[in-house]
Amino acid sequence: MERLVERLEKAVERLESVCQGPGMCGDGSSKGVAQYVQAFDALLAGPVAEYIKISKEVGGDVQKHAEMVHAGLMSERALLVVASQHQQPAENAFSALLKPISEQIQVVQNFREKNRGSKLFNHLSAVSESIPALGWVAMAPKPGPYVKEMTDAAMFYTNRILKEYKDVDKKQVDWVKAYLSIWTELQAYIKEYHTTGLTWSKTGPVATEGAKAAPSAPAGVAPPPPGPPPPPAPVSSSTDDSASRSALFAQINRGEGITSGLRHVSDDMKTHKNPALKNQGGPVRSGPKPFTAPKPACNANPSQTTSPKAPPLLELEGKKWRVENQENATNLVISDTELKQVAYVFKCTNSTLQIKGKINSITLDNCKKLGLVFDDVVGIVEIINSRDVKVQVMGKVPTISINKTDGCHVYLSQSSLDCEIVSAKSSEMNVLIPTEGGDFTEFPVPEQFKTVWNGQKLVTTVTEIAG
């Protein structure tokens, strides 16, 4: 571990020494390096280096976690280099290129889960909740908002850190500022260079899995030996095959004579006519044993089955209203709202929530049979991984997003009829429009589409389903 820390420190020092101005990162020269790779190097030499430095001063689990975060950022830089030199690959090849980043994200999150007893658990949680932001390279067409969403997830824990150490340990406050600045700067970086998604080169070869930038081995370490050679192909002789086929056809062409070599079975040798033969000694053949389902394997994580049920929650943490694990609660109300606040509703079942006033955004995640009534939202209402949800707008909302949800009824108000409803991977969606009499007219949201090639581009239209 000490050797790894030493290597990371040297790498940071090198980046700091060569990144003295814009466009001067990597090998100290901008020649042959794409501009957006140089800008990412500046991010590594600035906010990332500061975060690693302060994490080392804090020490312990925070320092170890920072090393893992740095490894993830370096994997992302390797992908940026590949993208700057190659054209966009097919989806399966791109998934292979993303694998090192996704694996490192999992390493960071697993470290938090394995150290739930840590005194710095809020630090680990802030990093663990926001590290999926590294996956912005796979997001299109809006990777920037995705990073912001992950940053907001971290702020619940960073606010706890600030509350605990604000007047006690300035170093902890500096750590929060340094860590959050990474994602703030990354959003600005994405906005400038990758607004609608990862930018690929328009020249050069198409990227493949082999295009991954392999990390250089430390000095004095021999490269790993090559893998074993593929097994030899089975040897077959065309002469033997033709001879076997000739013999087979010769046997078939014998006609009735083909049965002349068979042995005749008399009545005294048949078991159904001579039951005594069944009682004679000798092995008794039995059919195969009936299939039995394998016993379920032991749970690798016993805490998942023994952990108590999460308590219901309705509280304001910083600027986020958290409504979680509510069941059969029909009178949930959030009334003291502000424009900058957001609401996150998670795993609520058979409940009704009313949000009064004007709020920035609302997210429903993993909810079932939930009713939501709200006045005004200036941003977006997102419904994710839910089922049988009813949403009623009393005021205005510009956008409602429905993803991976089965069963969603949206009741619009007269002032929200210009709302945009975006859906993906969802079913049984209906929008209800108010009438002059105070009733609602129900309109289903299309789920099936038809795509044809018109000679120049793909044209997609809604498929009307009768019934």
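Structural data are supplied above this passage.
Remember, predicted model here, so these are calculated numbers, not experimental data. (Residues numbered from 1 in each chain as written. Predicted model: local features only at pLDDT ≥ 70, side-chain atom pairs only at ≥ 80, totals over all residues. Heavy atoms only, no water.)

Caption draft 1: Here's a closer look at the packing of helix α5 (residues 121-130) against helix α6 (residues 143-165). Where α5 contacts α6, the axes come no closer than 7 Å and their chain directions differ by 165 degrees. Taken as axis vectors, α5 and α6 run roughly antiparallel relative to one another. Classified by chirality, the crossing of α6 by α5 is left-handed. Across the interface between the two elements, N122, H123, S125, A126, E129 and S130 from α5 touch M150, A153, A154, Y157, T158, R160, I161, E164 and Y165 from α6. Split by residue class, the contact of α5 with α6 holds seven nonpolar, five polar and three charged. (Axes fitted to C-alpha atoms, helices over the stretch in contact; angles between N-to-C directions. Helix = DSSP H or I, 4+ residues; strand = E, 2+ residues; numbered from the N terminus. Parallel < 35°, antiparallel > 145°, perpendicular 65-115°, else oblique. Left-handed = near helix turned anticlockwise from the far one by under 90°. Contact = heavy atoms within 4.5 Å. Nonpolar A, V, L, I, M, F, W, Y, C, P; charged D, E, K, R; others polar.)

Caption draft 2: Representation of the packing of aromatic side chains within the structure. Across all of its chains, the model carries 11 aromatic pairs by this definition. Relative to F440, the ring of Y411 lies with its centre 5.3 Å away and its plane at 90 degrees, an arrangement referred to as edge-to-face. Within this pair, whereas Y411 is found in strand β11 (residues 406-411), its partner F440 is found in strand β14 (residues 440-444), the two being separated by 29 residues in sequence. One aromatic cluster is present, built from ring pairs that chain together F40, W136, Y189 and Y193. (Phe/Tyr/Trp six-rings, centres within 6.5 Å; stacked < 30°, edge-to-face > 60°.)

Caption draft 3: Seen up close, the pattern of salt bridges. Going through the model one piece at a time under the given rule, you end up with nine salt bridges. Here D41 makes a salt bridge to R77, at a shortest N to O gap of 2.4 Å. Taken as a pair, D41 in helix α2 (residues 35-58) and R77 in helix α3 (residues 60-85) lie far apart in primary sequence, 36 residues in all. For D41, a relative accessible area of 1% corresponds to the buried category. Through salt bridges with shared partners, one network takes in R112, E113, R116 and E129. (Salt bridge = Lys/Arg side-chain N within 4 Å of Asp/Glu carboxyl O. Buried < 20%, exposed > 50% of the residue type's maximum accessible area, 1.4 Å probe, protein only.)

Caption draft 4: Geometry of helix α7 (residues 170-193). A rise of 1.5 Å per residue sets the reference length of α7, with its 24 residues, at 34 Å; its end C-alpha atoms lie 35 Å apart and thus fit the reference within 8%. Of the positions making up α7, those classed as buried are Q172, V173, W175, V176, A178, Y179, L180, I182, W183, L186, Y189 and I190. The inward-facing, buried residues of α7 contact α2, α3, α5 and α6. (Expected span 1.5 Å × (residues − 1).)

Caption draft 5: The arrangement of the pairing of strand β8 (residues 380-384) in detail. In terms of burial, β8 is a largely internal element, four of the five residues being buried. In this structure, strand β6 (residues 361-365) lies alongside β8, joined through four bridges in parallel fashion. Along β8, the bridge assignment pairs L364 with I383. (Pairing = 2+ DSSP bridges.)

Caption draft 6: Fine view of the sheet that holds strand β3 (residues 332-334). Sheet architecture is open: seven strands sit in the order β3-β5-β7-β9-β11-β13-β14, paired in mixed fashion. Two strands close off the open sheet at either side, each with one partner strand: β3 and β14. Strand-to-strand, the axes of this sheet are offset by a mean angle of 15 degrees, without reference to chain direction. Strand direction decides the pairing type here: strand β9 (residues 387-393) and β11, joined by five bridges, are parallel. Note on β11: the bridge partner recorded for R387 is D406.

Caption draft 7: Spotlight on the nonpolar core. Grouped together as the largest cluster of nonpolar side chains are 53 residues, with contacts concentrated most on Y51, W136, W175, W183, L186 and L198. For this core, the elements supplying multiple residues, two or more each, are α2, α3, α4 (91-114), α5, α6 and α7. Formed by 33 residues, the second largest nonpolar core is a distinct cluster that contains I359, L364, I383 and C419. (Core = buried A, V, L, I, M, F, W, Y, C linked by side-chain atoms within 4.5 Å.)

Caption draft 8: Summary view of the packing of α2 against α3. Where α2 contacts α3, the two axes come as close as 9 Å, and the packing angle between them is 175 degrees. Looking at the two axes, α2 sits roughly antiparallel to α3. Looking at the contact of α2 with α3 residue by residue, the classes come out as 16 nonpolar, six polar and four charged.

Caption draft 9: Quick look at the sheet that holds β8. With mixed pairing, seven strands are arranged side by side in an open sheet as β1-β2-β4-β6-β8-β10-β12. A single partner strand is all that each edge strand has here, and the edge strands are β1 (313-317) and β12 (420-424). Along the sheet, successive strands turn relative to each other by an average axial angle of 10 degrees, direction set aside. Packed on one face of the sheet, α6 meets β1 and β2 (320-324) and runs near 100 degrees to β2.

Caption draft 10: Region of the structure containing a negative patch on the surface. The grouping of D388, D406, E428 and E447 at the surface amounts to a negative patch. Its location among the elements puts D406 in strand β11. Residue classification places D406 among the partly exposed positions, given a relative accessible area of 39%. (Patch = residues over 30% accessible without salt bridge, like charges linked within 9 Å, V, L, I, M, F, W, Y side chains within 5 Å. Areas by Shrake-Rupley, 256 points an atom, 1.4 Å probe, with all protein chains shown as cover. Lys, Arg positive; Asp, Glu negative; His and termini not counted. Charge placed at Lys NZ, Arg CZ, Asp CG, Glu CD.)

Caption draft 11: Inspection of the pairing of β6 at higher detail. Counted residue by residue, β6 has five buried out of five residues, so it is predominantly covered. What you see with β6 is no split at all: S361, T363 and D365 on one side and I362 and L364 on the other are buried throughout.

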